[in-house]
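Below, each chain spelled out in residue letters.
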Amino acid sequence: MRLKEALSVMSMASPYAVSTERNSDITNLHQQIKQYLYIEMPIEKAVNKCISSFGANDKKLLFLCGSSGDGKSELLTKAKLKFGKRITFHLDATHSFDPQGTAIQTLDKVFDAFSLGQYPLVVGINAGMMGNYAEEGQNEDVKSAIASYLENNKFDSEQIKFINFEDYPKFEIHQNGFSSDFAKQLLVRITQPQENIIRQVLEKEKQYDEPGAKRLVTNFELLSLPSVQQVIIELLFKARLMRDQFLTARALLDFIHELLVGDGYLFDNLFAGGDNELASKIEDFDPGHYRTKEIDRFILAYDLGLPNSEFFEFKEKVKQFGIQNLSSGIQYLRLFYILRHDDFANNYHINFAEDYNESLIEKYIAIYQLHKDYRDNPEPKALLKAFYRDTLISAIRAYINRNAPKLGKKYFLLSDFGEYQVAAPADLSMDSNAIKANTATNSVLFNARLKLKTKPFALPININLLSLLININNGYRPNKHDKNSVILLDELASEIIQEAKSACELVITGDGKKYLLECDDDEIMVSEG
């Protein structure tokens with residue numbers, strides 16, 4: 001079997017992409033590769049622990065919840081082999097027993113049989129089907145449990161349990177940055193030099209003197225570099241943060257398949273887009289679109305064919321690695337990008353490392369971590385206060401006062417009346433106690449906590465909103481392209497303005513004059529500023 005065919009087991013189009021209860025043929029190479037690629041995730045341990053606690057006559061129900069492609073079927077297929085003699089499994093709640101029936105009707109039959117019987121049941125179900133069953137299902141006990149879980153994201157019952165892939169995120173932010181154990185383990189498993197069934201096929205592929213075979217081998221060797229794997233994980237994390245793209249096992253395998261067997265070299269395939277949901281998001285981060293002085297100089301020199309001895313030496317080493325016939329400067333920029341964490345040849349590519357700086361992501365991680373680990377210690381508290389003062393509160397004030405830029409730091413604009421503007425003082429500040437009580441469960445956002453006097457406010461901040469806050473402080477005026485982030489700002493601004501209206505002091509400006517109104521007992525004192 002050729003390498004491309006062997007790797008096809010990773011493709012979304014492969015019949016092996018979704019596990020079924022087919023008889024496993026251990027002599028089938030595709031089946032062997034599929035089994036070899038399987039990575040045990042923490043959620044599998046939790047599922048097995050829960051199922052192990054079920055007795056054969058226990059009337060208990062476990063829902064394994066997640067998105068399409070998370071790996072529910074694969075996990076439960078393995079569990080059924082282990083526990084199937086004493087526990088009933090319904091692997092996929094989107095399937096119907098009857099061609100004329102619906103998945104909801106099938107679930108009704110499964111749950112009705114469970115209600116009448118005395119045995120444990122395990123069901124694999126996605127979020128959409130859970131919502132559908134809560135609306136349309138017939139079994140009231142199960143409907144009620146699902147509805148409660150969807151509303152509260154938890155359900156406490158001895159009889160019905162929920163385990164959700166969302167509670168086991170693929171990315172984790174920590175003091176040293178971020179990591180994805182699942183993506184890292186999978187990349188290492190695919191490329192490891194020893195005891196690797198795919199490597200055995202790769203070695204045979206090297207005997208073929210064909211351009212496609214040579215490119216595929218080169219792509220595999222590029223993917224085997226730890227530094228390249230790190231860049232891929234960084235891009236997946238970036239897609240999660242900036243495009244809200246979930247990472248599922250099936251999508252990741254298909255993505256890696258496209259990196260290896262696509263029409264170009266790995267660094268071009270990485271940003272080629274296509275039908276894969278991960279690739280379509282990562283396409284937006286193509287370093288070929290970056291514009292800096294060094295990058296523009298390189299592109300111009302390449303297009304003009306200007307001599308550069310360092311670049312020539314680098315290109316010769318690249319050819320020895322197996323990368324041939326690159327036809328554009330953008331291709332080299334992509335190659336520089338995936339090699340930026342590594343020593344390669346004469347390190348000419350390091351000249352562009354600063355141009356690929358991910359300062360926004362680094363800033364987001366730092367602030368996220370400060371919120372997650374906040375314990376009122378002096379140094380972290382000072383850093384967090386600086387963020388609230390210089391970035392968050394400053395941007396909120398600038399946004400609320402965008403039509404009254406001369407109001408100053410003390411006041412927030414309440415309303416406009418023609419040429420006149422009414423404002424009130426508002427001492428918006430960081431709410432330390434609320435931050436300390438925060439529980440961060442989602443790496444895609446953190447909750448900023450503010451207070452005005454005793455009134456608390458919360459603002460969920462993702463990386464896109466953080467970018468907008470920084471830009472507002474630099475004079476940027478939000479537009480229709482910032483719609484999702486602006487909605488969050490508008491909601492918070494309305495709450496702050498409503499609270500500021502209760503102030504005992506107002507200022508009215510207009511026609512070149514300024515009037516200060518202060519409430520003193522039952523009297524309003526007016527003075528001209």
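Note that the structure is predicted; figures quoted are calculated from it, not measured.

(A) Highlighting unusual backbone geometry. Positive phi values are uncommon outside glycine, yet Ala-345 reaches one of about 55°. One can find Ala-345 in the loop between α17 (329-338) and α18 (359-372). Exposure remark for Ala-345: the relative accessible area of 41% places this residue in the partly exposed category. The phi dihedral of Asp-376 falls on the positive side, at around 70°, and the residue is not glycine. Following the sequence through the fold, Asp-376 ends up in the loop between α18 and α19 (378-400). For Asp-376, a relative accessible area of 31% puts it in the partly exposed group.

(B) Local environment of a nonpolar patch on the surface. A contiguous nonpolar patch, built from Leu-300, Leu-304 and Leu-306 and spanning about 310 Å² of accessible area, is present on the exposed surface. Note on placement: Leu-304 falls in helix α15 (residues 293-304). Look at Leu-304 and you get exposed, because its relative accessible area is 56%.

(C) The arrangement of helix α8 (residues 181-191) in detail. Taken together, the buried positions of α8 are Phe-182, Ala-183, Leu-186, Leu-187, Ile-190 and Thr-191. Viewed along the axis of α8, the buried residues span an arc of 145°, placing them on a single side of the element. The inward-facing, buried residues of α8 abut α2 (29-37), α9 (197-205), α10 (211-223), α11 (226-243) and α12 (249-261).

(D) The arrangement of the packing of aromatic side chains in detail. Counted by the stated rule, this structure contains 33 aromatic pairs. Pairing Phe-171 with Phe-237 gives two aromatic rings, centres 5.3 Å apart and planes at 50°, and the pair type is tilted. With Phe-171 in the loop between β4 (160-164) and β5 (172-174) and Phe-237 in helix α11, this pair connects stretches of sequence that are 66 residues apart. With a relative accessible area of 5%, Phe-171 lands in the buried category. Relative to Tyr-302, the ring of Phe-298 has its centre 6.2 Å away and its plane inclined at 35°; by these criteria the two rings are tilted. Within this pair, Phe-298 and its partner Tyr-302 are both found in helix α15, separated by four residues, close to a single helical turn. Note on Phe-298: relative accessible area 5%, which makes it buried. Looking at Tyr-302, the relative accessible area reads 22%, which means it is partly exposed. Ring-pair connections join several aromatic residues into one group, and the members of that group are Phe-298, Tyr-302, Phe-311, Phe-314, Phe-321, Tyr-332, Phe-336, Phe-344, Tyr-348 and Phe-352. Sitting above the plane of the Tyr-36 ring, Arg-189 keeps its charged end 5.7 Å from the centroid.

Analysis parameters
Residues numbered from 1 in each chain as written. Predicted model: local features only at pLDDT ≥ 70, side-chain atom pairs only at ≥ 80, totals over all residues. Heavy atoms only, no water. Helix = DSSP H or I, 4+ residues; strand = E, 2+ residues; numbered from the N terminus. Buried < 20%, exposed > 50% of the residue type's maximum accessible area, 1.4 Å probe, protein only. Patch = residues over 30% accessible without salt bridge, like charges linked within 9 Å, V, L, I, M, F, W, Y side chains within 5 Å. Areas by Shrake-Rupley, 256 points an atom, 1.4 Å probe, with all protein chains shown as cover. Salt bridge = Lys/Arg side-chain N within 4 Å of Asp/Glu carboxyl O. Arc of directions from axis to C-beta. Contact = heavy atoms within 4.5 Å. Phe/Tyr/Trp six-rings, centres within 6.5 Å; stacked < 30°, edge-to-face > 60°. Lys NZ or Arg CZ within 6 Å of the ring centre and 35° of its normal.

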